[in-house]
Every structure is written in C-alpha cells, then in structure tokens.
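Results of the structural survey
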Amino acid sequence: MHFRLDIGNGTHPQMVGSIGFTSNKPFVNGLAPNHNVPEEKLDELRRYLGKVDGDLLKIVGVGAGAWGSVFAALLQDSYGQFRDKVQIRIWRRAGRAVDKATAERLFEVINSREDVLRRLIRRCAYLKYVEARLGDRTLYADEILKDGFCLNMIDTPLCPMKVVTNLQEAVWDADIVINGLPSTETRHVFDEISRYWKERITTPVILSLAKGIEAELAPFPRIITPTQMINQATGIPIENILYLGGPNIASEIYNKEYANARICGAEKWRLPLAKFLRQPQFIVWDNSDLVTHEVMGGLKNVYAIGAGMVAALTNESATSKSVYFAHCTSEMIFITHLLAEEPEKLAGPLLADTYVTLLKGRNAWYGHMIAKGQLSLDVGDSISGKGNIQGVSAIQAFYELLSQPSLSVPHPEANKPVAPVELCPILKTLYRALITREQGVQAILEALRDEHLNDPRDRIEIAQSHAFYRPSLLGQL
C-alpha cells in the first residue's frame, strides 16, 4: 500500500512561514496565541493541517471503551461548539444490548443528576430509559452513547456524542483518528480500516490510547505494540502514529479532577497535538520515545492484577500490599533494563502510571474480584460494565517473551544463564495462576514470602551490574 503525504486537502498546501511548531511556542503573525482559548487552539491546529475556511477538521474516535469515550467527550466538550470548523465523532459497533440490571442502574444515575435528567427530557429521550428499567424495551450500547453513557462507565455521564456505527463512514476521510480499542482488537479493526484508505491522498494522524502488547517469537523474540500494529496494518508512516499514556483515570479526568498524560511520538505531530489537548485540569507532557513508553503502559497492567489479588487475599493488609509493591516494582525495573538503553528515564513515568492503576484501575479490580471468587477465570478478559482487562493478554505476552533462552541472563546464585522470567517470580506466578491455571491465586502470596530472603533491591542491582539491554525485544536489530 502506498500513501502520498500531502498535509491538508491536497489543493491548499501549507504556506511556508505561516506557522511552525518547534520546541518553543509557535507564533502566528508575530503574536503568541493564548493556549487557554479553545477556538485559538483549534484554529492553530487547523492551520498546521492546512485547513482553510469551510474545510472541516475531522476527528473520529475508534472504539468506545471508558478511556476512548472520555477522550472523545473531552474533545467534544472543548471544541464541539465550533461546528463550522471541526467535526468530532466516535465509532462503536452496533448491536450490543444493555442488560436489564445495567438499564436499572442507568435509570438511577439519570434520576440522581438533575442536569442529566433535564437534558434527556429536553431531548425527548427520557422515556426509553423508563421503559428499559421496566423491561418494556431493550437499550443498545451505541444508542446510550449518543446520550452520553459509556457502557463501561455507567456512573459517569458524559456529554452527548455523535456516534457512527459504520466503520467506513467514520474513518474514510478523517484527519485525526483516536485509537480507543483494546490492544487485542487493534490489529483486526485497523486491517479493516486499511481497505477504506487505499484511495486516500492525504495521510491521517493516529493517536493511540491502547495499553497492551503482543509477543512475536519468530524470527526472534520481540514485542509488538498497538502503534506498530497500526503501522503494519495500514502502511501509515510511524511518524504519523502517536501514543497517549497516563498516569490518569478516565472518569476522574472527565469529572475535571487534575490529571496528567504523556503524548509520545515524532516531534512533528506530538508538539501541536500536546498543545491542542492541554486544558487547565489536563496537563499533557510530551516525549519522543514512542514504543518504550507504550510497552511500559502494558507492563504496569500486568502487576496491577497481582496487586488486586494481594489486597483481596490479605484483607487489604497495608504491609502485604507494600511488600508486593516492593517486589513488583523491582521486577518492572529489571524488565526495563532489558527493554531500554537508559532505563532510569522511565522510572518516574512507569511508577506513576503503575501507582494510579494499582489504586483505581480496572486491572487491579479484576485481580481483586478473581481472588475473592466473585469472578471466574472462565468469563475471559472482557467483563460486562468494565470492558477489556488488557493485563491478562499482557501477562501471557511478557511471560512468553521473557522465557526465551535466546534472552538468557546470568543467575546470581545458580551461576548459569537463565531465561529472564526466572528472575521474575511474580510474573511467573501470575502466568501459572491466570493463564495455564496450574496454580491457585493463593500462590501470589507464596511469591512474596521469598524463602531465599532476597531483598527486592538485589534484582535491581543484578540488572544494573550487567549488560542486560536487548534492543531486539523492541525490534531494533
């Protein structure tokens, strides 16, 4: 597949010198724009994309999970009023029915929020929720999304959304595509999207929110991230594909609690998009290291599941949870030494994102529910009301990668090379408890009670004292 990069609509090339983004603030006509004024920020991005009057900037979210829906709603809240300049829409599959229990909960939420109640009455949409609560009709996920309800986050009403259920209609001429899909669905959906983009002249910009990885074992062990899946599926240049990560929680962001995010990728797009996305309560940092930050976003979900299990099994023991945190962070730091040439640069972002996920993320919730016996492993990793638990597939991917003999590292006691996973007892236990099911969930506590009395810092010292970096893991040969 071939694309011609031609920013704008193909007939109005960007004027040289009219505006430019560098590491400093851009200037238009010699004046520094006010980045807190939504219309000025929108105009600035439109100019950068080569848009002219009457030419809509088209933004579409693909996937309507909690984060994908909140992100699209944030853009709608900030810029949706400028209908002659921008079109913001979200795609989700049609046909997903809302069960009666969820419909009853929806009705409770609606009636507890006067602003939401008034809005639905004004839109003549309230009656259908009454009927759904009584069992007189069935609601659908795409239907309630139009009214501002994400199926995975019922308790946080959003703004009304412009929902499209036809994928081709949603993406075929979009300028900016937001990937809100789980990593396990990203490749499949973007394979389909690529068919609709075969005749495109302009190259879209893609911002991925997905946090998960795949393992590829041949011809050599390596990690495949969502941005790489998108690149492989569509042929869109990697410089046009970016990743937005935490630390943050979707519902808190929409409720305007202070939050941070980090956008990673090529400077050409991450700087203008960071400026476009920043809000007083939503600060967006930027970083050039796309793939490594993306991998870290998947890694923290692995250990968040274990944190939920430990909390449940120890009745929320502060000591047990802190001991787990010491062990899991040492394993994560150990793994970053395999993945990054300068792993110390990742310590802050990785630990911050891990901490917020352990506190309130769906992966920690999943581990807690599994350990309590309130969820069965047989239900899989897609949970009604929560969405996809991406840490489950990440456990399998990281285990399979780090068990490869070709990645062997020196064992401090056995005095022989071993696969890296042998120095990651928590990862091994999570794999055996949740993937192969050869151990029970109680095994996670045994992994903490180290009979060899090894201090977690020993694992970090091992990583720091050897040349562990394996660039091939991220596809760098």
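Look above for the structure.
Below or above, wherever it landed, is the structure these notes cover. For clarity, every value in this text was computed on a predicted model and none was experimentally measured.

Take the overall build of the protein next. The helix and strand tally for the protein stands at 19 helices and 16 strands. Relative to the 2.2 N^0.38 estimate, which gives 23 Å for 477 residues, the radius of gyration of the protein is 23 Å and therefore close to what a compact globule would have. The dimensions of the protein, computed from C-alpha atoms along their principal axes, are 70 × 60 × 40 Å. Classification of the 477 residues of the protein by burial places 57% in the buried group.

Note on placement: Gly135 falls in the loop between α5 (126–133) and β4 (139–140). Exposure remark for Gly135: the relative accessible area of 47% places this residue in the partly exposed category. When the C-alpha atoms of Gly135 and Tyr431 are compared, they prove to be 41 Å apart, with 296 residues separating the residues in sequence.

Here the focus is the packing of helix α3 (residues 100–112) against α5. Running from N to C, α3 and α5 cross one another at 135°; their axes reach a closest spacing of 8 Å. Here α3 is positioned oblique relative to α5, judged by the angle of their axes. The crossing of α3 and α5 is left-handed. The residues of α5 that touch α3, namely those facing Lys100, Ala103, Glu104, Leu106, Phe107, Ile110 and Asn111, are Tyr126, Tyr129, Val130, Ala132 and Arg133. Looking at the contact of α3 with α5 residue by residue, the classes come out as eight nonpolar, one polar and three charged.

All buried positions along helix α19 (residues 456–465) are accounted for by Pro456, Arg459, Ile460, Ile462 and Ala463. Buried residues of α19, viewed axially, fall in a sector of 155°; they line one side. Exposed and facing more than 90 degrees away from the buried side of α19 are Gln464 and Ser465. Looking at the packing, one finds that the buried side of α19 touches α13 (318–339), β15 (409–410) and α17 (425–435).

The rules behind the values
- Each chain carries its own residue numbering, running from 1 in the written order of its sequence.
- pLDDT decides what is reported in this predicted model: residues at 70 or higher carry local features, side-chain atom pairs at 80 or more are listed and counted, and totals for whole chains, interfaces and linings draw on all residues regardless.
- Side-chain numbers here rest on the full set of heavy atoms in the structure, without hydrogens or water.
- Going along the chain from the N terminus, every DSSP run of H or I of four or more residues is numbered as a helix, and every run of E of two or more is numbered as a strand.
- The globule rule used for comparison is 2.2 Å times the number of residues to the exponent 0.38, while the radius of gyration itself is calculated over C-alpha atoms.
- Only protein chains enter the accessibility calculation, which uses a 1.4 Å probe. A residue is then buried if its area is under 20% of the maximum for its type, exposed if over 50%, and partly exposed in between.
- Here an angle of 0 to 180 degrees is reported between the N-to-C directions of two axes, which are lines fitted to C-alpha atoms, with helices fitted over the stretch in contact.
- Roughly parallel refers to an angle under 35 degrees, roughly antiparallel to one over 145, roughly perpendicular to one between 65 and 115, and oblique to any angle outside these ranges.
- Note on convention: near helix rotated counterclockwise from far helix by under a right angle means a left-handed crossing. Clockwise means right-handed.
- When checking whether two residues touch, look at their non-hydrogen atoms; a contact exists if any pair is within 4.5 Å.
- The residue classification treats Ala, Val, Leu, Ile, Met, Phe, Trp, Tyr, Cys and Pro as nonpolar and Asp, Glu, Lys and Arg as charged. All others, Gly included, are polar.
- This arc corresponds to the set of directions leading from the helix axis out to the C-beta atoms.

Limitation: the analysis is restricted to geometry and does not speak to function.
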